[in-house]
Amino acid sequence: EESWTLQLGAFSMKPNAEALAENLKKRKIPCRIVEQPQETRTLYVVQTGDFISKEKAVDYGARELSPLNVDFRPTLKK
């Protein structure tokens, strides 16, 4: 069963991801930071939501994030 999330940002430095997450939380947008190890570094990805389909994720983003000028990208969770 697939699961989707919205990626709100990806950073090579954790403090940058933490700053975005704090800013989003102040705007009442629930989010989390997920560490994604790469070959030579770790990416810190800021995500929100857990959706049953890409369409549900995009609908949420359009309804809740776009009016706040928050960019998002639907991503299939692994």
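Residues numbered from 1 in each chain as written. Predicted model: local features only at pLDDT ≥ 70, side-chain atom pairs only at ≥ 80, totals over all residues. Heavy atoms only, no water.

Draft legend 1. Structural detail: the packing of aromatic side chains. Scanning the entire structure with this criterion turns up one aromatic pair. A ring pair is formed by F51 and Y60, whose centres lie 5.4 Å apart and whose planes are at 40°; its orientation type is tilted. When sorted by exposure, F51 lands in the same class as Y60, which is buried. (Phe/Tyr/Trp six-rings, centres within 6.5 Å; stacked < 30°, edge-to-face > 60°. Buried < 20%, exposed > 50% of the residue type's maximum accessible area, 1.4 Å probe, protein only.)

Draft legend 2. A look at the pairing of strand β1 (residues 4-11). Extensive coverage of β1 is indicated by the burial of six of its eight residues. Pairing of β1 with strand β3 (residues 42-51) involves six bridges; the strand directions are antiparallel. When the bridges of β3 are listed, Q7 appears paired with Q47. Pairing geometry for β1 and strand β4 (residues 73-76), over four bridges, is antiparallel. Considered in β4, the bridge of W4 is made with L76. (Helix = DSSP H or I, 4+ residues; strand = E, 2+ residues; numbered from the N terminus. Pairing = 2+ DSSP bridges.)

Draft legend 3. Local environment of the sheet that holds strand β2 (residues 32-37). Read from one edge to the other, the open sheet built from four strands follows the order β2-β3-β1-β4, with strand pairing classed as antiparallel. The strands lining the two open edges of the sheet, one partner per strand, are β2 and β4. Going across the sheet, the axis of each strand differs from the next one's by a mean of 45°, ignoring polarity. Against the sheet, helix α1 (residues 14-26) engages β1, β2 and β3, with an angle of about 125° to β1. (Axes fitted to C-alpha atoms, helices over the stretch in contact; angles between N-to-C directions. Contact = heavy atoms within 4.5 Å.)

Draft legend 4. Summary view of the pattern of salt bridges. Per the counting criterion, the structure on display carries three salt bridges. Taking the shortest distance from any N to any O, the salt bridge between K14 and E35 comes out at 3.6 Å. Note that K14 is positioned in helix α1 and E35 in strand β2, a separation of 21 residues in sequence. Classification of E35 as partly exposed rests on a relative accessible area of 47%. Of the charged contacts, one joins K77 and D50 as a salt bridge, the two residues approaching to 3.6 Å between their closest N and O atoms. Here D50 lies in strand β3 and K77 lies in the segment after β4, a separation of 27 residues in the sequence. (Salt bridge = Lys/Arg side-chain N within 4 Å of Asp/Glu carboxyl O.)

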